[in-house]
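What follows is the residue order along each chain.
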Amino acid sequence: MARNVSCRFVYLDDGISGHKQRLDAVAASIIHKNNLTLSGLVANDEKCHWEPMQVGEWLGHFEIPPRKIEKAKKNIESVLSSKCISYRELAKIAGFINSLYLAVGPSVRLFTRQLFYTISQRGSWSDYVTDIPPLLVEKLRFWLTNLGCLNGYSMTPKVSAEPLYIYTDASSFGYGGYLASSHEFKAQGHWTLQQKVKSSTFRELLAILQVLKVFLKHLEHKRIKVFSDSQSACRIVLVGSRVPELQHIAVENFNLCFFSDIQIESQWIPRTQNQIADALSKATDLDDWQLQPQLFNLLHAKWGPFSIDRFASSHNKQLPRFNSRFWCPDAEAVDCFTQNWSNDTNWLCPPVSLVIPTIPAYVQLQGFAIYILFINVDLDEFRVGVWKDCLQIQDRSLLRLALSLPEVVLSAKAQTTTSHYAYAWNRWKTWSKSKLGVAYLPAQPMCVALYLRDLLESAQTSSPIDTAIYSIRWGHSMAGFPSPTDHPIVKSTYEGCKRILAICCDVGYSGFLSISEILAIQLKQIEIVSHGMSIFVPRRKNDQFRSGNTIHIARSGKSTCPVAITERLFQMLPDNSDSCNPVVRTGVELST
């Protein structure tokens, strides 16, 4: 072949070449024809086009000829109308669609996975598919409807040559991502309870989709490259998956890019190169809360309609228009304090951390706003138990009183006390939500006992144990439920924890030991002599070589002497001094 051809493709025994000038094309045509003759090859003049043209047909690629589209549609319609399909007929359709990659683009691989998977299940080519899978029917209908629309994929895309780099990541809490060209564009969101239990591939793939939705206005008519530390997600976003829920996300991502003229690529990177997105995905906004939707609807009907929610996110927004702390899908803007409030009727339900900055903006507001401020207690306590009766109230005057009743109830104790209980109550809720099958309201006594046992692992004093008991009792009283702290198992666990901590605090203070180190001490590791005692600790945080440390504690002669307390404890234990049993045990009473 000649060297002066600017662009050339060869497909088995067929070829095509292109040139910018007609004269160059005519010269190349003569050279090609002579070279074929000199090489001993015979050209089929009936199928060859030696005269240059601007529009033509070459194997049906780049743009599918209408006759081939009609033929493919007839074959698909025939398959869909049949009660049983031969694998040979499916392979014929799959092969034809697969040959259209240059004319249709990446959608070929994405929307033929189910087709090729069905074919791979055959016993022989003469077998038939009697029960057509619904997913296969869906994909065949897709090609029947969209084959003409997808025709004409450009190999030289109209989008920008330099791609925009997007980094995404997902954790068990939520997703995060950002545009590398501007670190101001950061996206973050949280998973629903259903999404949290999905696979890591599901979350990583959904993270890519959510971040693209967030930055969609900035990505239109662009070429983008997505970086993720999930190899599976990077592959599925381009070629799809046989898993239905993963394929659904891949198809939604394809539709998003197709209708926004976005050309997407993906690349895996190690986690060490994705630290910013990783941090965004793990960030937890403890101030993120929402007013009960029923209460909002009442206020919306009485004082609205409101036009925008100034403090919200995509998962707790009360209105279609909202501002968010981070960029998230459908957010109108981030940082509501940079927006003009005067042209809207604003719904202001700020997090506790933004109450102080919100007040000046609220006072200076020229428009209208409803400003809602509650103490930082989750409103679940005010929509269960006895509070369910408030939802049944029809009288408007009683509704007004019902809306203010939670605030009156919370005023039963001093604000500092209520805040202290609320913090501990939220800690109990966070712990219970992290455990499978544990309800925080109303709570089961055994679960509360296990929670106290868990607190014992890290408690240095009895204060966290006391606060946990008081806050759980307070939270149940707010909702009108009997407190599980009155159950005998909880009371026994509570007293046991306090006694253990009393011993541990005395010995631990003298020997600079943590609670976990004290609970792990065995009888054989303690040696008591006349002037004091020695405790061998096999493992400590500052023991880099894991050789163990020996702690020496001298007698003080006082009533609080840790050596004397340990001796009295030894007298109550049935074990000998060489036992491997732990020194501190549940249910041991210390006599004074």
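Starting from 1, residues in each chain are numbered consecutively following that chain's sequence as written. A pLDDT threshold of at least 70 governs which residues receive local features in this predicted model, and a stricter bar of 80 or more applies before side-chain atom pairs are shown or counted, although totals over entire chains, interfaces and linings include all residues. Excluded from the side-chain calculation are hydrogens and water; included are all heavy atoms of the structure.

Engineer: Got a sec to walk through the overall build of the protein chain? Specific residues and values, please.
Structural biologist: Secondary structure elements follow DSSP: runs of H or I of four or more residues count as helices, runs of E of two or more count as strands, with numbering from the N terminus. A tally of regular secondary structure across the protein chain gives 22 helices and 17 strands. Per-residue accessibility, obtained with a 1.4 Å probe over protein chains only, is compared with the maximum for each type, and a residue is labelled buried under 20%, exposed over 50%, and partly exposed between these values. Burial statistics for the protein chain: of 592 residues in total, 41% are counted as buried. Pairs of residues are marked as contacts when any of their non-hydrogen atoms sit within 4.5 Å. Considering only intrachain contacts with a sequence separation of at least 6, the fraction spanning at least 24 residues in the protein chain is 65%. To be clear on the numbers: accessible area is Shrake-Rupley with a 1.4 Å probe, and residue cover counts the displayed protein chains and nothing else. Of the roughly 33900 Å² of accessible surface on the protein chain, a fraction of 54% belongs to carbon and sulfur atoms.

Engineer: Before we move on, can you summarise the packing of aromatic side chains with the specific residues and values?
Structural biologist: For any two aromatic rings, the description comes down to two numbers: the centre-to-centre distance and the angle of the planes. Aromatic rings from Phe, Tyr and Trp, taking only the six-membered ring of Trp, are treated as a pair when their centres fall within 6.5 Å; an angle between ring planes under 30 degrees marks them as stacked, one over 60 as edge-to-face, and anything in between as tilted. If you walk through the whole model with that rule in mind, you get 18 aromatic pairs. Taking 4.9 Å as the distance between ring centres and 15° as the angle between the ring planes, the aromatic pair formed by Y167 and F227 counts as stacked. Taken together, the residues span a long stretch of sequence, with Y167 in strand 5 (residues 164–170) and F227 in strand 8 (residues 223–228) at a distance of 60 residues. Overall, Y167 belongs to the buried group, its relative accessible area being 17%.

Engineer: Give me the pattern of salt bridges: which residues, what numbers.
Structural biologist: Within this document, salt bridges are pairs made up of a side-chain nitrogen of Lys or Arg and a carboxyl oxygen of Asp or Glu, the two lying within 4 Å of each other. For the structure on display, the rule yields 9 salt bridges. Among the charged side chains, a salt-bridge network with shared partners connects R310, R321, E332 and D344.

Engineer: Requested: an account of the environment of S477, with residues and values cited.
Structural biologist: One can find S477 in helix 19 (residues 463–479). C-alpha separation for the pair S477 and G385, spaced 92 residues apart in sequence, amounts to 9.8 Å.

Engineer: Go over the nonpolar core with me, naming the residues and quoting the values.
Structural biologist: Throughout, nonpolar core names a set of buried Ala, Val, Leu, Ile, Met, Phe, Trp, Tyr and Cys residues whose side chains join them through atoms within 4.5 Å. Ranked by size, the top nonpolar core spans 65 residues in total, and within it L90, W143, L212, F215, L219 and I224 carry the most contacts. Among the elements that take part in this core, helix 9 (residues 200–214) stands out by supplying 9 residues, more than any other. For F215, the residues in contact, after removing those within four places along its chain, are G177, Y178, L179, F185, K186, A187 and W327. Counting residues in hydrophobic clusters, the runner-up holds 26 residues, among them C447, V448, M478 and V490.

Engineer: So what about the environment of T192? Which residues, and what values?
Structural biologist: Mapped onto the elements, T192 comes out in the loop between strand 7 (182–190) and helix 8 (193–196). Taking the C-alpha atoms as reference points, T192 and H315, 123 residues apart in sequence, are found 8.1 Å from one another.

Engineer: Tell me what's going on with the sheet that holds strand 16 (residues 532–537), and back it up with residues and numbers.
Structural biologist: Strand order in the open sheet formed by 3 strands is 15-16-17, and the pairing between neighbours is antiparallel. With one partner strand each, in any of the chains shown, strand 15 (526–528) and strand 17 (549–554) form the two edges of the open sheet. Here the average twist between neighbouring strands, direction ignored, is 15°. By the convention used here, strands pair only if DSSP detects at least 2 bridges between them. Relative to strand 16, strand 15 is paired through 3 bridges, and the arrangement is antiparallel. Among the inter-strand pairings, E527 is bridged to a residue of strand 16, identified as S534. Axes, fitted as lines to C-alpha atoms, cover a helix only where it is in contact. Angles between the N-to-C directions of the axes lie from 0 to 180 degrees.

Engineer: Describe in detail helix 7 (residues 134–150), supporting the description with residues and values.
Structural biologist: Expected span of a helix, by definition, is 1.5 Å for each gap between consecutive residues, and there is one gap fewer than residues. Between its first and last C-alpha, helix 7 extends 23 Å over 17 residues, near the 24 Å set by a 1.5 Å rise per residue. Along helix 7, the sharpest kink reaches roughly 40°, centred on L144. Packing partners of the buried residues in helix 7 comprise helix 2 (66–81), helix 3 (87–98), helix 4 (101–104), helix 5 (107–110), helix 6 (113–120) and helix 12 (244–259). What is called the bend at a residue is the angle between a pair of axes, fitted to the seven residues leading up to and ending at it and to the seven starting from it.

Engineer: Describe a nonpolar patch on the surface, listing the residues and the values that go with them.
Structural biologist: A surface patch of nonpolar side chains, amounting to about 270 Å² of accessible area, comprises M446, L450 and I489. Here L450 falls in the partly exposed class, since its relative accessible area comes to 48%. Think of a patch as exposed residues, more than 30% relative accessible area, with no salt bridge, where like charges cluster within 9 Å and nonpolar side chains (Val, Leu, Ile, Met, Phe, Trp, Tyr) cluster within 5 Å.

Engineer: Residues and numbers for the packing of helix 9 against helix 11 (residues 231–239), please.
Structural biologist: Between helix 9 and helix 11, the shortest axis-to-axis distance is 9 Å and the interhelical angle comes to 55°. Classified by the interaxial angle, the pair formed by helix 9 and helix 11 is oblique. Relative to helix 11, helix 9 is oriented so that their crossing is right-handed. Mapping the contact onto sequence places T201, E204, L205 and I208 in helix 9 and S232, A233, I236 and V237 in helix 11. Each residue gets one of three labels, nonpolar for Ala, Val, Leu, Ile, Met, Phe, Trp, Tyr, Cys and Pro, charged for Asp, Glu, Lys and Arg, and polar for the others, Gly among them. When its residues are assigned to classes, the contact of helix 9 with helix 11 shows 5 nonpolar, 2 polar and 1 charged. Put simply, angles under 35 degrees are roughly parallel, angles over 145 are roughly antiparallel, angles from 65 to 115 are roughly perpendicular, and the rest are oblique. Should the near helix be turned anticlockwise from the far one by less than a right angle, the crossing is termed left-handed; should it be turned clockwise, right-handed.

Engineer: Outline the environment of P482, listing residues and values.
Structural biologist: Relative to the assigned elements, P482 resides in the loop between helix 19 and helix 20 (488–511). For P482, a relative accessible area of 67% corresponds to the exposed category. C-alpha of P482 to C-alpha of A443: the two residues are 39 residues apart in sequence and 9.5 Å apart in space.

Engineer: Give a detailed account of the packing of helix 6 against helix 7, specifying residues and quantitative values.
Structural biologist: It is the contact of helix 6 with helix 7, at a shortest axis distance of 9 Å, that shows an interaxial angle of 135°. Comparing the axis directions of helix 6 and helix 7 gives the class oblique. The chirality of how helix 6 crosses helix 7 is left-handed. For the pair helix 6 and helix 7, contact is made by Q114, L115 and T118 and by L135, L136, K139 and L140, respectively. A breakdown of the residues in the contact of helix 6 with helix 7 according to their chemical character gives 4 nonpolar, 2 polar and 1 charged.

Engineer: How would you sum up unusual backbone geometry? Please name residues and give values.
Structural biologist: With an omega dihedral of -10°, the bond running from L441 to P442 counts as a cis peptide bond. The residue P442 is located in the loop between helix 17 (415–433) and helix 18 (445–458) in this model. A positive phi angle, near 60°, is found at H221, a position not held by glycine. Turning to its location among the elements, H221 is positioned in the loop between helix 10 (216–219) and strand 8.

Engineer: An account of helix 9 is requested, with residue identities and associated values reported.
Structural biologist: The terminal C-alpha atoms of helix 9 lie 21 Å apart, and with 15 residues this matches the ideal 21 Å at 1.5 Å per residue to within 8%. Taken across its 15 residues, helix 9 has 13 buried, putting it largely inside the fold.

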